[in-house]
Amino acid sequence: MAISNEAFVLGCSAIGAGAAMIAGIGPGIGEGYAVGKTIEAIARQPEAQGDCTRTMFIGVAMSESTGIYAFVVALILLFANPFLKKL
Amino acid sequence: MDGPKVSFIIPGTDIAITETLVIGWIIIAAVFLLCLFLTRNLKKIPETKSQVVAEMFVNFVNNMVIGTMGSKFKKFAPYIATLLVYAVLGSLVSMLGLRSMTADLNVTLCWALMTFILITYYKFKTNGFIGYFKSFGKPVGFIAPLNVISEIATPMSMAFRLFGNIAGGMVITSLLYSALGALSRALHVSFTIGSFTLDVASLFVPAVLSIYFDLFAGCVQAYIFSMLTMVYVSSATE
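Residues numbered from 1 in each chain as written. Chains lettered and ligands numbered in written order. Predicted model: local features only at pLDDT ≥ 70, side-chain atom pairs only at ≥ 80, totals over all residues. Heavy atoms only, no water.

**Observations concerning the overall build of chain B**
Selection rule: In DSSP terms, a helix is any run of H or I states spanning at least four residues, a strand is any run of E spanning at least two, and both are numbered starting from the N terminus. Our radius of gyration is a C-alpha quantity, and the globule rule it is checked against amounts to 2.2 Å times the number of residues to the power 0.38. Each residue is assigned to one of three classes by its accessible area relative to the maximum for its type, calculated with a 1.4 Å probe on protein chains only: buried under 20%, partly exposed between the two thresholds, exposed over 50%. In what follows, residue pairs with any heavy atoms lying within 4.5 Å of each other are defined as contacts.
Within chain B one finds six helices and four strands. The secondary structure elements of chain B, listed N-terminal to C-terminal, are β-β-α-α-α-α-α-β-β-α. Against the compact-globule benchmark of 18 Å for 238 residues, chain B has a radius of gyration of 22 Å, which places it well outside the compact range. For chain B, the C-alpha atoms occupy an extent of roughly 70 × 55 × 45 Å along the three principal directions. Every one of the 238 residues in chain B was classed for burial, and the buried ones make up 39%. Within chain B, residue pairs in contact and separated by at least 24 positions form 61% of the contacts whose partners lie at least 6 positions apart.

Following this line, the structure appears as structure tokens:
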């Protein structure tokens, strides 16, 4: 069965989108470390809970960016495919 | 998943008003009415519940702004409160079955650009016109391109973070709904009455995910967005 050019590009884009989301591993591990260390800090010094939690949220948001970039790449590949226009 | 639908087109022009904008207007009206309702009959010693709630929220934002930015930035509290309320409600409208306002890059990019303008304004104010451009050459001159990129990356990452979290939740929820719909059709527990389809499998499972993706992610990301705005603006004055 012959595959049309369009179908080939779409299929490769879907694989690419899936491969891009492997980047989700990184922020997952990083956020886990950040939250774990925050819990350690709170357990050691419970009165600093507010400060610790606030700083943790900023840190978690920062380390999440890489995952979000990967997600944006996947979204572009799936819903606004730039390669289809080049056929 | 599609982009926001076009609600109507302004007659005579080709400016399209999307669903996002209309939902934004509804939220503005709702917040306006809520403020009117909460601040009726204010007393020096609060007697009504609505005044206690309003004071709690105002105190929360004031303490947050003073705690992160210092007391000289107390004038920022209304702006931060606006961002917070607008972002929280903009994400939570998805609980009503509407499209989240923040799942549109135009909205979040606009907010991030406002933050970027504030950052640049305060950098100009503290360093002066020449000092602002000189600050890119620190600590060594040849690193300037990297500093320019990181300056641009600030609003981009803020916009994509809020957009990505809410849109990601939306994509996962819609994937789950279509998967559960297919499952109910395979198990023959999908009933169609007229144009309304009831999938038995998708009755209870999505509620658990909805708590995380709509409620938790919406509130946390709104908090983080306003928090980052405060951190960046206050660090621009150093």
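**Considering the pairing of strand E4 (residues 196-199) of chain B**
Residues and elements named next belong to chain B. Put simply, the test is: For two strands to pair, DSSP has to find at least two bridges joining them.
Here strand E3 (residues 190-193) pairs with E4 via four bridges, running antiparallel. Bridge pairing links Ile193 to Phe196 in E4. Adjacent in sequence and paired antiparallel, E3 and E4 are bridged by two residues, among which Gly194 carries a positive phi angle near 65°.

**Details of the side chain of Glu64 of chain A**
So the rule is basically this: Charge assignment: positive for Lys and Arg, negative for Asp and Glu; neither His nor the chain ends contribute. Should a side-chain nitrogen of Lys or Arg be within 4 Å of a carboxyl oxygen of Asp or Glu, the pair is scored as a salt bridge.
Along the chain, the position of Glu64 of chain A falls in helix H3 (residues 49-79). We note that Glu64 of chain A is buried and unpaired, the nearest opposite charge coming from Arg161 of chain B at a distance of 5.2 Å. Non-local contacts of Glu64 of chain A, meaning those with residues more than four positions away in its chain, are made with Pro27 and Glu31 of chain A together with Arg161, Asn165 and Gln221 of chain B.

**Focus on helix H4 (residues 105-134) of chain B**
Residues and elements named next belong to chain B. This is how it is decided: A helix's residues, less one, multiplied by 1.5 Å, set its expected span. Consider a residue and the seven residues that end there alongside the seven that start there; fitting an axis to each set, the bend is the angle between those axes.
For H4, with 30 residues, the first-to-last C-alpha span of 32 Å runs short of the 44 Å given by 1.5 Å per residue. Along H4, the sharpest kink reaches roughly 110°, centred on Gly128. Each element contacted by the buried residues of H4 is listed here: helix H1 (19-38), helix H3 (77-92), helix H5 (144-186) and helix H6 (205-236).

**Focus: a nonpolar patch on the surface**
All names here are of chain B. Quick reminder of the rule: Surface patches are drawn from residues lacking salt bridges whose relative accessible area is over 30%; two like charges belong together within 9 Å, two nonpolar side chains (Val, Leu, Ile, Met, Phe, Trp, Tyr) within 5 Å. Using the Shrake-Rupley algorithm and a 1.4 Å probe, accessible areas are obtained, with residue cover drawn only from the displayed protein chains.
A contiguous nonpolar surface patch, about 710 Å² in accessible area, is contributed by Phe191, Ile193, Phe196, Leu198, Val200, Leu203 and Phe204. Those elements that provide at least two residues to the nonpolar patch are E3 and E4. Residue position: Phe196 is located in strand E4. Using a relative accessible area of 51% as the deciding quantity, one classes Phe196 as exposed.

**Quick look at the interface of chain B and chain A**
Definition in use: Defined in terms of a 1.4 Å probe, buried area is the accessible area two parts forfeit on being brought together, summed over both. Polar contacts here mean pairs of N or O atoms no more than 3.5 Å apart (in protein, one a potential hydrogen donor and the other a potential acceptor; neighbouring residues in sequence count only if both atoms are side-chain atoms).
Contacts between the two partners involve 18 residues from chain B, matched on the other side by 13 residues from chain A. Note on chain B versus chain A: buried area summed over both sides is about 1400 Å², and carbon and sulfur give 78% of it. The tally of links from chain B across to chain A stands at zero salt bridges. Summed over the shared surface of chain B and chain A, the result is three residue pairs in polar contact (both at pLDDT 80 or more).

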